[in-house]
Amino acid sequence: MDVSSERLQADIETNAEFGAIDTDEGRGRTVLTGSSADRAAREYFVERLEDAGLTVSVDVIGNIAGRWVPPEADPTAAPVAVGSHLDSVPQGGIFDGPLGVYGALEAVRALQESDITLDRPVLVVSWTEEEGIRFDTGLLGSAVAAGVTPLSEALSLQDDDGITVEAALEDIGFRGADTLDPAGWDAWFELHVEQGRELESAGASVGVVEAISGITNCRVIVSGEANHAGATQMYQRRDALAAASQFVLDVEQAARDVANTMSESAVGTVGNMAVSPNANNVVPGEVTLTVDVRDVDRAAMDRIVDSARASAARIERDRPVETEFDQYRLTEPSGMAERCVSAVVAAADSTATDMMRMHSAALHDTANLAEQTDTVLLFAPSRDGISHNPLEWTDWVDCATATRVLAGAIADVAAESAHIPE
């Protein structure tokens, strides 16, 4: 069994033309859910699925699935599903998402052309609104399929112009009537670019993810008093930005402490801050900031959040300001299924592919599916760790190598006729 690097490259490069942007370096694209570029990308994908003999369906939130039933397979058996997404961030790269979608399709084509016997159908899936740019809610299609987000809530989400998800999907002809039920799948595989430097640094061609970091976000408001920057003496000031600056440093120190003593993969970031009134001659009266905490260990995440909460309380005691602390989002860490991880390892070994075990600090649709079925996430190297950028690049040979491992792992799991999903 082998994959066609030329066929895979042609599909990804054709997909790159949808929403293509002018850029001095690299290759970029902007494909937002419900846009004309999204419609073109979806229509091409459907065409390629049908060309490969797959039966295509579109579900109620626009997720696309192509179903292949191997000749020897039981058509009623729980399928093995594989895929990723086709949407992008504004001015993003050409591999983030499409490698997983077209790698999945190429894996199926390679299996079709092999003499391997499979016991289960295989689904190739492209999820809606993974990036969450237009409607401000990422992983949306998989969240609906997995029951994390109610369909009515998802369809009613609006963009900045008041257009709903439902209207946007209807406008491009991809508001379907079918359903996807991950709880009825035997397993799920996703191939993605790493968006980091670990594989490149290690000289490895494929990464198998054993856990996906959880993420929690906190909103903190520091309230002081806006006043004239020249006429307000230092002892009279209630400077919200000075107090918020101390909080930012405290979060950084808390994350460093937890990474050093508890979980080396733990991270904490204050990446957004709104200062009011934000004028050079006014003492800042209010600051709103967000904290982003991630790790594969929930206890480590909680430790950083607890430290941040304590910092806000301490600053309120020590300075003439008030603070509000709201932990408004929590996504639990996700462990991958050992049998799926083992299948990837075995496929890498059988093809003499350098592979490393790792975790994912970024969320992917796989995180939504981990509670519904057995899952695993594979990574291909990202040059210089760059992603969400026209300079994003994964060498074609690495794309093909990762797809070859993916195909082998699918074959392994899809031949497990005795496995019964829990």
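Residues numbered from 1 in each chain as written. Predicted model: local features only at pLDDT ≥ 70, side-chain atom pairs only at ≥ 80, totals over all residues. Heavy atoms only, no water.

Engineer: Help me understand the overall build of the protein chain in this model?
Structural biologist: On a plain count of helices and strands, the protein chain comes out with twelve helices and 17 strands. What you see for the protein chain is a C-alpha radius of gyration of 23 Å, in line with the 22 Å of a compact globule of 422 residues. Dimensions of the protein chain, computed from C-alpha atoms along their principal axes, come out at roughly 80 × 50 × 45 Å. In the protein chain, which comprises 422 residues, the share counted as buried stands at 53%. Excluding contacts between residues fewer than 6 apart, the proportion of contacts in the protein chain whose partners are at least 24 apart in sequence is 79%. Accessible surface for the protein chain amounts to roughly 17400 Å². Of this, 44% is attributable to carbon and sulfur atoms. The protein chain carries 28 positive and 72 negative side-chain charges, and their two centres are separated by 5 Å. (Helix = DSSP H or I, 4+ residues; strand = E, 2+ residues; numbered from the N terminus. Rg over C-alpha atoms; globule rule 2.2 N^0.38 Å. Buried < 20%, exposed > 50% of the residue type's maximum accessible area, 1.4 Å probe, protein only. Contact = heavy atoms within 4.5 Å. Areas by Shrake-Rupley, 256 points an atom, 1.4 Å probe, with all protein chains shown as cover. Lys, Arg positive; Asp, Glu negative; His and termini not counted. Charge placed at Lys NZ, Arg CZ, Asp CG, Glu CD.)

Engineer: Before we go on, may I ask you to explain the sheet that holds strand S14 (residues 322–331) in this structure?
Structural biologist: Adjacent strands of a sheet pair through backbone hydrogen bonds, lying either parallel or antiparallel. Strand order in the open sheet formed by four strands is S11-S13-S9-S14, with antiparallel pairing between adjacent strands. Across the chains shown, the open sheet's two edge strands, defined by having one partner strand only, are strand S11 (267–276) and S14. Going from strand to strand, the sheet's axes swing by 15° on average, the running direction of each strand aside. Pairing of strand S9 (residues 214–223) with S14 involves nine bridges; the strand directions are antiparallel. Directly across from Cys218, in S14, lies its bridge partner Gln327. Packed onto the sheet, helix H9 (residues 298–318) meets S9, S11, strand S13 (286–295) and S14 and runs at close to 165° relative to S14. (Pairing = 2+ DSSP bridges. Axes fitted to C-alpha atoms, helices over the stretch in contact; angles between N-to-C directions.)

Engineer: How should I be thinking about helix H1 (residues 5–16) in this particular structure?
Structural biologist: Structural remark: α-helix, 3.6 residues per turn; residues separated by three or four positions point the same way. Relative to the 16 Å expected for twelve residues at 1.5 Å per residue, H1 spans 16 Å between its end C-alpha atoms, a close match to the ideal helical length. Buried residues belonging to H1 abut strand S1 (20–21), strand S2 (28–29), helix H2 (36–51), helix H3 (98–112) and helix H12 (396–414). (Expected span 1.5 Å × (residues − 1).)

Engineer: What is the right way to look at H2 in this model?
Structural biologist: For H2, built from 16 residues, the straight-helix expectation of 22 Å at 1.5 Å per residue is met to within 8% by its first-to-last C-alpha distance of 23 Å. Along H2, the positions that sit buried rather than exposed are Ala37, Asp38, Ala41, Arg42, Tyr44, Phe45, Val46, Arg48 and Leu49. Against H1, strand S3 (55–58), strand S4 (64–68), H3, strand S6 (122–127) and helix H6 (165–171) lie the buried residues of H2. Following H2 by one or two positions, Gly53 has its phi on the positive side, about 85°.

Engineer: Teacher, can you tell me more about the nonpolar core here?
Structural biologist: Counting 74 residues, the largest nonpolar core has Tyr102, Val124, Phe189, Leu378 and Ile410 as the members making the most contacts within it. Among the elements that line this core, the one with the most residues is H12, at eleven residues. Ignoring anything within four residues of it in the chain, the contact list for Leu378 reads Phe189, Glu190, Leu191, His192, Val206, Gly207, Val344, Ala402, Val405 and Leu406. Within the second largest apolar cluster, 24 residues are counted, among which are Ala240, Ala244, Phe247 and Val293. (Core = buried A, V, L, I, M, F, W, Y, C linked by side-chain atoms within 4.5 Å.)

Engineer: Would you mind showing me how to read the packing of aromatic side chains here?
Structural biologist: Each aromatic ring pair is summarised here by two numbers: the centre-to-centre distance and the angle between the ring planes. Applying the stated rule across the entire model yields nine aromatic pairs. Seen in terms of ring centroids, Trp393 and Trp396 are 5.6 Å apart; in terms of plane orientation they differ by 85°. Their pairing is edge-to-face. Above the face of the Tyr328 ring, Arg219 is positioned so that its terminal group lies 4.2 Å from the ring centre. (Phe/Tyr/Trp six-rings, centres within 6.5 Å; stacked < 30°, edge-to-face > 60°. Lys NZ or Arg CZ within 6 Å of the ring centre and 35° of its normal.)

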